[in-house]
Structure formats: C-alpha cells, structure tokens
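Spelled out, the chains give:
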Amino acid sequence: MPGYWQDDTITEDADSGLLPGIEEFERTISMNNEKEGEVAAAFSPDGRLMCFFAGFSALMVDETECPTVWGSILTHNHISDTAFSMHDIKEASELGLTELRVVGPSGWHSMKPGPEGWPSPVEISSAYARISSEVASLPGEGNMRENSILICERLADELGLIYEGGAFDVP
C-alpha cells in the first residue's frame, strides 16, 4: 500500500471535515477481511501520510519506527466492525494523538482529546473496564458493535473526550 497515497498537503473536504487522503485510506481498508488484516496509518494534521503499519494488531505502534506519530491523526480498521478497544484509546493517550480513528464495513469512529487533553492510560483502563462491565450486564441482545459504541459514548462523556461516529458518505 505505500506509494498509494501522495505525500502532498491535502485540503480538507468541506462537507465531511475529514481530509480526503485520510478518507480515501479509510474507505480502502474498511472492508478488509481476516486475510488482509488490520492496518493503520498516521497522518499529519494537514493530511500527509507519515507512517503505515500492518499486522494482527496494527496499533502496536513503535515510536522508533515512526517518531512522527506523536500528535498525529492515527486511523486503522477493525475487521470486527467495532468501535475502539481499551488498547486503542490507551495508545492514543500515550502517543498524544490529535485524533484516533477506526473504520469497518458499517462506517467510522473518531475519538479526540477534550479541552483537558487525554486522560492517563491508567484512568482510561479503569473507566473502560468498569463501563464495559456495566454495558455487558444491560438487558437485551446488544451485539459487539453496538456495545462497543455504547462503551465509547459513555467513556467520552465520563472522561471529557470527544467521540463521533457515522456511516461513510456516498461518493
């Protein structure tokens, strides 16, 4: 996949607010299956591709391989079509990301730090585990995807983060 994206500064799409190069990358990886695996890329705030990662868990970011990842927009796919895992959000905090994104067949999710910044990874772990347990005990037949979204919404509310999600716009 490297070489597929141009290293030019990209202007923001006025409709979605997402830089077109990032949206193009996300559309490309959103339908990955188990064989294609999880992939991730770090983009600069102005939309330039800085690093590309692939593997079973693409968010095992090694800062020595990509020292520019700090403060970037990091996006990746979840084959399970779920929102963020606890590991994803802890990694965002540790890397001081501007934005963390995840995509799957049904759409996209975004998590950004609030005005106070990212909480500590310890605080994220504690709150995520508690909220996850609460969501698991709710009555009904919530599926993994729906439960992951509910966890992210509650986590964002509790920790002062900014969570959004939605379907891809039809091009």
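If you're wondering where the values come from, they're calculated on a predicted model, not measured in any experiment. (Residues numbered from 1 in each chain as written. Predicted model: local features only at pLDDT ≥ 70, side-chain atom pairs only at ≥ 80, totals over all residues. Heavy atoms only, no water.)

Draft legend 1. Inspection of the pattern of salt bridges at higher detail. Evaluated as defined, the whole model comprises seven salt bridges. Salt-bridge contacts for Asp46 lead to Arg48; the nearest nitrogen and oxygen are separated by 3.2 Å. We classify Asp46 as partly exposed; its relative accessible area is 28%. Here the residues in one salt-bridge network are Glu26, Glu99 and Arg101, joined through shared partners. (Salt bridge = Lys/Arg side-chain N within 4 Å of Asp/Glu carboxyl O. Buried < 20%, exposed > 50% of the residue type's maximum accessible area, 1.4 Å probe, protein only.)

Draft legend 2. Summary view of the side chain of Glu99. Relative to the assigned elements, Glu99 resides in strand S4 (residues 99-104). With relative accessibility at 8%, the residue Glu99 sits in the buried group. Excluding residues that lie within four positions of it along the chain, Glu99 makes contacts with Ser72, Ile73, Leu74, Ser110, Met111 and Lys112. (Helix = DSSP H or I, 4+ residues; strand = E, 2+ residues; numbered from the N terminus. Contact = heavy atoms within 4.5 Å.)

Draft legend 3. Spotlight on the environment of Asn33. For Asn33, the location among the structural elements is in the loop between helix H1 (20-29) and strand S1 (38-43). Of the residues examined, Asn33 reaches a relative accessible area of 38% and is grouped as partly exposed. With 72 residues separating them in the primary sequence, Asn33 and Pro105 have C-alpha atoms 9.8 Å apart.

Draft legend 4. Region of the structure containing the packing of aromatic side chains. Counted under the stated rule, the structure contains two aromatic pairs. Look at Phe25 and Phe43: their rings are 5.8 Å apart centre to centre, the planes differ by 65°, and that puts the pair in the edge-to-face class. Remark: Phe43 occurs in strand S1 and Phe25 occurs in helix H1; sequence separation between them is 18 residues. We note that Phe25, like Phe43, is buried. Where Phe25 meets Phe52, the ring centres are 6.3 Å apart and the plane angle is 90°; that geometry is what we call edge-to-face. Highlighted residues: Phe25 in helix H1 and Phe52 in strand S2 (residues 49-55), separated in sequence by 27 residues. Phe25 sits in the buried class, given a relative accessible area of 0%. By relative accessible area, which is 28% here, Phe52 ends up partly exposed. Cluster of aromatic residues (ring-pair linked, three or more members): Phe25, Phe43 and Phe52. (Phe/Tyr/Trp six-rings, centres within 6.5 Å; stacked < 30°, edge-to-face > 60°.)

Draft legend 5. How the structure looks around helix H3 (residues 121-136). Given a rise of 1.5 Å per residue, 16 residues ought to cover 22 Å, and the 22 Å separating the end C-alpha atoms of H3 matches this to within 8%. Taken together, the buried positions of H3 are Ile124, Ser125, Ala127, Tyr128, Ile131 and Val135. Summarising the contacts, the buried residues of H3 are in contact with helix H2 (86-95) and helix H4 (144-159). (Expected span 1.5 Å × (residues − 1).)

Draft legend 6. Quick peek at the nonpolar core. Within the largest apolar cluster, 30 residues are counted, with the highest numbers of intra-cluster contacts made by Leu74, Phe84, Ile89, Leu97, Met111 and Tyr163. Mapped by element, the contributors of at least two residues to this core are S1, S2, H2, S4, H3 and H4. Top contributing element to this core by residue count: H4, with six residues. Ranked by size, the runner-up nonpolar core spans 12 residues in total, among them Leu19, Ile73, Trp108 and Phe168. (Core = buried A, V, L, I, M, F, W, Y, C linked by side-chain atoms within 4.5 Å.)

Draft legend 7. Layout of the pairing of S1. Counting buried positions along S1 gives six out of six residues, so the element sits mostly inside the fold. Every second residue of S1 is oriented toward a common face, with Glu38, Ala40 and Ala42 on one face and Val39, Ala41 and Phe43 on the other, all of them buried. Alignment of S1 against strand S3 (residues 73-77), held across four bridges, turns out to be antiparallel. By the bridge assignment, Ala40 is partnered in S3 with His76. (Pairing = 2+ DSSP bridges.)

Draft legend 8. Inspection of the confidence of the model for the protein chain at higher detail. Summarising the model, the protein chain shows a mean pLDDT of 83, and 82% of its residues fall at 70 or more. Between residues 1-16, whose pLDDT stays under 50, and residues either more than four places distant or in other chains, the model counts 33 contacts. (pLDDT = per-residue confidence, 0-100.)

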